[in-house]
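The lines below spell out each chain.
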Amino acid sequence: MALKNRSYISGNTVLKPKVQAEPGRIDKDLQKLEKSRRDFNRRNAIRANRVKRGILATIAIIGILSFITIFRSAMVYNLQMEYVRMQNETRQVQKQNEALKAELLKASAIDGIVTGSASLELVSEDTSKALVVDLSHDNFLPDETVMPEPGFLEKIMAFLDPRA
């Protein structure tokens, strides 16, 4: 059983088989292999670039979100500190108000006023020396009409008026 188109001997007892190949076919096969390898490498490179871009975009988004979160946390912290400071100021003002109210109560006591005026040698006035005025009727002079003084333009017009 021998093939007529092929010039080789088949079998396991052959020492060195001879294969005659077509000369242009090997070059075409090598070129096809090279082209397929280049296409495969190019597709892999494109896929790898896509993966890299995706990873970089994810890292950028995570970085931006982290920055925004930290920035907002700092703003909240500053607002909280300002709120605490304002509460402390309010408490201090309330304490000062209470202290002033206590002093006002002490100062408004009649006994304190009398002793304070005696220590300053103040004399209380007698009501018999007070002047009494009846304001039920009109004690004022009648209104006088005040003529407005002429302005600069009116003075010029009066100067140019031939009737004057």
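Residues numbered from 1 in each chain as written. Predicted model: local features only at pLDDT ≥ 70, side-chain atom pairs only at ≥ 80, totals over all residues. Heavy atoms only, no water.

## Considering the overall build of the protein chain
Put simply, the test is: Under the scheme used here, helices are H or I runs from DSSP no shorter than 4 residues and strands are E runs no shorter than 2 residues, and both carry numbers assigned from the N terminus. Each residue is assigned to one of three classes by its accessible area relative to the maximum for its type, calculated with a 1.4 Å probe on protein chains only: buried under 20%, partly exposed between the two thresholds, exposed over 50%.
Summing up its helical and strand segments, the protein chain has three helices and zero strands in all. Secondary structure elements of the protein chain, listed N to C terminal, follow the sequence α-α-α. Here the protein chain, with 164 residues, has 0% of them falling under the buried criterion.

## Brief notes about the pattern of salt bridges
What counts here: Should a side-chain nitrogen of Lys or Arg be within 4 Å of a carboxyl oxygen of Asp or Glu, the pair is scored as a salt bridge.
Scanning the entire structure with this criterion turns up three salt bridges. Of the charged contacts, one joins Arg-37 and Glu-34 as a salt bridge, the two residues approaching to 2.1 Å between their closest N and O atoms. Taken as a pair, Arg-37 and Glu-34 lie in helix H1 (residues 23-108) at a separation of three residues, close to a single helical turn. What makes Arg-37 partly exposed here is its relative accessible area of 45%.

## Let's talk about the confidence of the model for the protein chain
Should the pLDDT be low somewhere, the predicted coordinates at that spot are not to be read in detail. Heads up, the condition is: The quantity called pLDDT is the predictor's confidence in a given residue, expressed from 0 to 100.
When pLDDT is averaged along the protein chain, the result is 83, and 84% of the positions lie at 70 or above. Model confidence for the protein chain, summarised as mean pLDDT per element, is weakest for helix H2 (residues 110-119) at 77 and strongest for H1 at 93.

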